[in-house]
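Listed below are the residues making up each chain.
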Amino acid sequence: MLGFICNRAGFDYFDDDVARFVPTTSFCSPQAHHRQWRALDARHGRVLIRRGYGIFSGVEDALVVWNPITGEEQELITPRYSSSWNAAVLCAQSGACDHLDCHSGSFLIVFLGSNRNEAFIYVYSSKDDVWSEPISTQQPLYHVDSMPSVLIGNTFYFMLHTSNKILKYDLETNEMSFIQLPPAYLNWFCAGDLLITTEVGGLGFASVTIDLETLLPNHALLSSPDVVGFADGIGVIFLKGANGVAFTIDLKSYKVKKVCECEGHRIYSIVPYMSFYTPGIATYPIG
């Protein structure tokens, strides 16, 4: 994990969102702050941004694929108007790539949208520079959660806010289906919960259900903490506490670390940036 993107905004209703890159290593992105951006996903060396986020931004919704290492950006107009939507990014050769150095290659974007009477998925190919024909269902999703999706094999899983279902999309078969949650989850799976991958590679949930008083500092417990991010592959959960403070909890050691403090701001979500980076060697002239 070279760093993470913290999606935050002020407490004023008119404030725009800001996507802030926070380094966790010696790596520092050349573009650390972006107004009117919200990070939706990060995978295989790329970050997927929703540009124009903020009710008063005055900017048309668009998607930006951002490479934090090089600073390169590629902007795409969303394929269709949607009252609620989310998107994910991945390497176009996901099954045949080790993802060590593919952040400059071709990629795919999965766009999930929902309107009153329909849910639909489009897939963008950077190689062909085109959106696919949509697949759709007449089952409305009401609200597609903006938290990052989970990719297991060739299958994406998206959270549906205030719903007892998870949307499942198979890239290989181009099929969309739903996973019905057990009755015990009907009142539990809501804001503050997150889809994650388990140690054995399955689908799981993260939620604040344990006694955190022995883990988190007192000032972080002034309000109920929420799960706001998950670093796949290293087992690290992100929690937001009070007054714009974010912590990580290592799921193996249960060690807690404060990683971000945005005093006077709300943290919506945190998107970890996982990639490979070799620091450059500086050279200086002699004489």
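In the block above lies the structure referred to throughout.
So, how was this worked out
- Residues numbered from 1 in each chain as written.
- Predicted model: local features only at pLDDT ≥ 70, side-chain atom pairs only at ≥ 80, totals over all residues.
- Heavy atoms only, no water.
- Helix = DSSP H or I, 4+ residues; strand = E, 2+ residues; numbered from the N terminus.
- Buried < 20%, exposed > 50% of the residue type's maximum accessible area, 1.4 Å probe, protein only.
- Contact = heavy atoms within 4.5 Å.
- Phe/Tyr/Trp six-rings, centres within 6.5 Å; stacked < 30°, edge-to-face > 60°.
- Pairing = 2+ DSSP bridges.
- Axes fitted to C-alpha atoms, helices over the stretch in contact; angles between N-to-C directions.
- Lys, Arg positive; Asp, Glu negative; His and termini not counted.
- Salt bridge = Lys/Arg side-chain N within 4 Å of Asp/Glu carboxyl O.
- Core = buried A, V, L, I, M, F, W, Y, C linked by side-chain atoms within 4.5 Å.

Trainee: I'm lost on the overall build of the chain in this one. Help?
Mentor: Along the backbone of the chain there are 0 helices and 23 strands. Per-residue burial for the chain yields a buried fraction of 49% across its 287 residues. Put simply, 47% of the contacts in the chain that link residues at least 6 apart link residues at least 24 apart.

Trainee: Where do I start with the packing of aromatic side chains in this structure?
Mentor: Remark: the centre distance and the inter-plane angle together describe each pair of aromatic rings, the angle taken between the planes. Applying the stated rule across the entire model yields 10 aromatic pairs. The interplanar angle of 75° and the centroid separation of 6.2 Å between the aromatic rings of tryptophan 37 and tryptophan 66 together place this pair among those described as edge-to-face. Here tryptophan 37 is found in strand β4 (residues 37-43), whereas its partner tryptophan 66 is found in strand β6 (residues 62-66), with 29 residues between them in sequence. The residues tryptophan 37 and tryptophan 66 share a single accessibility class, namely buried. An aromatic cluster is present here, built from Trp85, Phe107, Phe111, Tyr124 and Trp131 joined pairwise through their rings.

Trainee: For this particular structure, what's the right way to read the sheet that holds strand β14 (residues 155-159)?
Mentor: Each strand in a sheet pairs with another by means of backbone hydrogen bonds, the pair being arranged parallel or else antiparallel. Strands sit in the order β13-β14-β15-β16 across an open sheet of 4 strands; the sheet is antiparallel. Two strands lie at the open edges of the sheet, namely β13 (150-152) and β16 (175-180), each paired on one side alone. Each strand of the sheet is rotated relative to its neighbour by a mean of 25°, with strand direction disregarded. With 6 bridges joining them, strand β15 (residues 165-170) and β16 adopt antiparallel strand pairing. Pairing of lysine 168 across the sheet is with serine 177, part of β16.

Trainee: For this particular structure, what's the right way to read the side chain of aspartate 145?
Mentor: Mapped onto the secondary structure, aspartate 145 falls in the loop between β12 (135-137) and β13. Buried within the structure, aspartate 145 lacks any salt-bridge partner; its nearest side chain of opposite charge belongs to arginine 38, at an N-O separation of 7.7 Å. In contact with aspartate 145, other than residues within four places in its own chain, are Asn86, Met159, Leu160 and His161.

Trainee: How should the sheet that holds β6 be read in this particular structure?
Mentor: Sheet architecture is open: 4 strands sit in the order β4-β5-β6-β7, paired in antiparallel fashion. Taken across any chain shown, the strands that pair with only one partner, and hence form the sheet edges, are β4 and β7 (73-77). Looking at each pair of strands side by side, their axes are set apart by 25° on average, direction ignored.

Trainee: What should I look at first to understand the environment of glycine 201 in this one?
Mentor: Considering the arrangement of structural elements, one finds glycine 201 in the loop between β17 (194-197) and β18 (203-206). A sequence separation of 32 residues divides glycine 201 from glycine 233, and the C-alpha atoms of the two residues are 9.3 Å apart.

Trainee: Just to check I follow, could you spell out the nonpolar core for this structure?
Mentor: Within soluble globular proteins, side chains that are nonpolar tend to cluster in buried spots. Among the nonpolar cores identified, the biggest contains 27 residues, and Phe4, Cys6, Leu194, Ile237, Phe238, Cys260 and Ile270 are the most heavily contacted of them. Sorting the residues of this core by element identifies β1 (3-10), β14, β17, β19 (226-231), β20 (236-240), β21 (245-250) and β23 (265-273) as the ones contributing at least two each. Beyond its immediate sequence surroundings of up to four residues, phenylalanine 4 is in contact with Arg20, Phe21, Val22, Thr24, Phe238, Val259, Cys260, Ile270, Val271, Pro272 and Tyr273. With 16 residues, the next largest nonpolar core counts Ala88, Leu90, Val110 and Ile121 among its residues.

Trainee: For this particular structure, what's the right way to read the pattern of salt bridges?
Mentor: Side-chain pairing between opposite charges can occur once the charged atoms of the two side chains come close. Under the defined criterion, the tally for this structure stands at 4 salt bridges. One salt bridge in this structure joins aspartate 41 and arginine 43, with 2.6 Å as the shortest N-O distance. Arginine 43 carries the same exposure label as aspartate 41, and that label is buried. Among the salt bridges present, the one from arginine 51 reaches glutamate 75, with a minimum N-O distance of 2.7 Å. In this pair, arginine 51 is assigned in strand β5 (residues 46-51) and glutamate 75 in strand β7, connecting sequence segments 24 residues apart. With a relative accessible area of 19%, arginine 51 lands in the buried category. Accessibility expressed as a relative area gives 44% for glutamate 75, which makes it partly exposed.

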